[in-house]
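# Breakdown of the fold
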Amino acid sequence: MGCGTSFVKYVLFFFNLVVALFGLAIIGIGVAVLMNWTVLKDELKSHLTVAPWLFIIIGAVMFIIAFFGCCGAIRESHCMVVTYAIFLLVIIIVQVVLAVLMFTYADTIKEGLVKGVNGIFDKRTTDPAVNAVFNNIQTQFECCGKHSPADYGVIGVVTDLPESCCTRATGVVGKILSKCTIADANTMGCADRAAELYQTWNKTIAGIAIGVACVEVVGALFALCLANSIRNMDRRYA
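Analysis parameters
- Residues numbered from 1 in each chain as written.
- Predicted model: local features only at pLDDT ≥ 70, side-chain atom pairs only at ≥ 80, totals over all residues.
- Heavy atoms only, no water.
- Phe/Tyr/Trp six-rings, centres within 6.5 Å; stacked < 30°, edge-to-face > 60°.
- Buried < 20%, exposed > 50% of the residue type's maximum accessible area, 1.4 Å probe, protein only.
- Helix = DSSP H or I, 4+ residues; strand = E, 2+ residues; numbered from the N terminus.
- Salt bridge = Lys/Arg side-chain N within 4 Å of Asp/Glu carboxyl O.
- Disulfide = S-S within 2.5 Å.
- Lys, Arg positive; Asp, Glu negative; His and termini not counted.
- Polar contact = N/O pair within 3.5 Å; in protein donor to acceptor, adjacent residues only side chain to side chain.
- Contact = heavy atoms within 4.5 Å.
- 1 Å grid on protein atoms, 1.4 Å probe; cavity = no way out; pocket = protein on both sides within 12 Å on 5 of 7 lines; lining within 4 Å.
- Points joined across faces, edges and corners; volume = space filled by probe spheres on them.
- Nonpolar A, V, L, I, M, F, W, Y, C, P; charged D, E, K, R; others polar.
- Core = buried A, V, L, I, M, F, W, Y, C linked by side-chain atoms within 4.5 Å.

Quick look at the packing of aromatic side chains now. The final tally for this structure, using the stated rule, is five aromatic pairs. With 6.3 Å between their ring centres and 80° between their planes, Phe67 and Phe68 make a pair best called edge-to-face. Of the residues examined, Phe67 reaches a relative accessible area of 47% and is grouped as partly exposed. Judged by relative accessible area, Phe68 falls into the partly exposed class, the value being 24%. Residues Phe121 and Phe134 carry aromatic rings whose centres are separated by 5.2 Å and whose planes lie at 65° to one another, so their mutual orientation is edge-to-face. In this pair, Phe121 sits in helix 5 (residues 106-123) while Phe134 sits in helix 6 (residues 128-141), placing the two residues 13 residues apart along the sequence. A relative accessible area of 0% places Phe134 in the buried class. One aromatic cluster in this structure is built from Phe67, Phe68 and Phe87.

Before going further, it helps to examine the pattern of salt bridges. Applying the stated criterion across every chain, the model contains two salt bridges. Across the pair Asp122 and Lys146 runs a salt bridge, and its minimum N-O distance is 3.3 Å. Remark: Lys146 occurs in the loop between helix 6 and helix 7 (172-177) and Asp122 occurs in helix 5; sequence separation between them is 24 residues. Asp122 sits in the partly exposed class, given a relative accessible area of 48%. For Glu196, the salt bridge identified is with Arg193, shortest N-O distance 3.1 Å. On the criterion of helical spacing, the pair formed by Glu196 and Arg193 is a turn pair, its members being three residues apart in helix 8 (residues 190-237). Look at Arg193 and you get buried, because its relative accessible area is 18%.

What follows deals with the state of the cysteines. Tallying each qualifying case throughout the model produces two disulfides. Paired by a disulfide, Cys144 and Cys165 hold their sulfur atoms 2.1 Å apart. Disulfide Cys144-Cys165: the torsion about the S-S bond is 80°, which places it as right-handed. Placement of Cys144 in the loop between helix 6 and helix 7 and of Cys165 in the loop between helix 6 and helix 7 is noted, with a sequence separation of 21 residues between them. Relative accessible area serves as the criterion here: at 0%, Cys144 is assigned to the buried category. With relative accessibility at 0%, the residue Cys165 sits in the buried group. No disulfide involves Cys70; its nearest neighbouring cysteine sulfur is the one of Cys71, lying 6.7 Å away. The class of Cys70 is buried, set by a relative accessible area of 12%.

With respect to the element layout, Glu216 can be found in helix 8. Buried and unpaired, Glu216 has Lys203 as its nearest opposite-charge partner, separated by 23 Å. Side chain to side chain, Glu216 and Gln95 meet in a polar contact 3.4 Å long. Filtering out sequence-adjacent residues up to four positions away, Glu216 remains in contact with Phe15, Leu88, Ile91, Ile92 and Gln95.

Another aspect to go through is empty space enclosed by the protein. Over the atoms rolls a probe the size of a water molecule, and in doing so it shows where empty space is left. Scanning all chains against the criterion turns up one cavity of 30 Å³ or more. For the largest cavity, the calculated volume is near 80 Å³. Along the walls of the largest cavity sit Phe15, Asn16, Val19, Val61, Met62, Ile65, Ala66, Tyr84, Leu88, Ile91 and Glu216, which together make up its complete lining. For the lining of the largest cavity, the secondary-structure elements that each account for two or more residues are helix 1 (5-36), helix 3 (51-75) and helix 4 (78-104). The dominant element in the lining of the largest cavity, judged by the number of residues it contributes, is helix 3, at four residues. Counted by class, the lining of the largest cavity contains nine nonpolar, one polar and one charged residues.

The next subject is the nonpolar core. Among the nonpolar cores identified, the biggest contains 20 residues, and Phe134, Tyr152, Leu161, Cys165 and Ala185 are the most heavily contacted of them. Residue assignment for this core shows that the elements contributing at least two residues are helix 5, helix 6 and helix 8. What Cys165 contacts, discounting residues up to four positions off in sequence, is Gln138, Cys143, Cys144, Tyr152, Cys180, Ala185 and Asn186.

Structure (structure tokens):
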């Protein structure tokens, strides 16, 4: 029986069950971003525009491949298991290539993020939806303006700022006036914060992609081993 058909079969089944659930989760994230962040999608141009669709496509591909793996393992279908292994090997290659591109074009992607954030800030005064999005960005990332609170054209410590600029505890002036002032606001701009976060997580995300690819290599080896065992059994009982 080669590498132990029963053991490999159930390991492959549960492995692909987890992959299928993960794929559905990724699809959910992509759909949520597509539905709730239309303004961001309009502003983040070029390669960043397709981010939600990329999540949906990746999740769907993962689910389909995992389906082949689960069904092939349970039914002991040589054709389905081999198809699964081929698909998985292709995905592994794509993941490694994308990880390398993230390392290689890190500066280009970071510039795209900065331009996208700046574009949202510039349109906030003409579109309430854009303004709401930028306020949410300021709240979530503890930033203010494009590069600093001065982007709002404030002068002095008592000038009002959006409340989203004061996500941290307000200072003395802010407490007295119950307003967000330049003295109490977050000092880092949102474009700078986005660049900083990408710089921080870029290599981590690429590393995770390569790590996942390594795990998938194990899954591909199990699949090829099971396919070989199934073929040997078919020949034995033919």
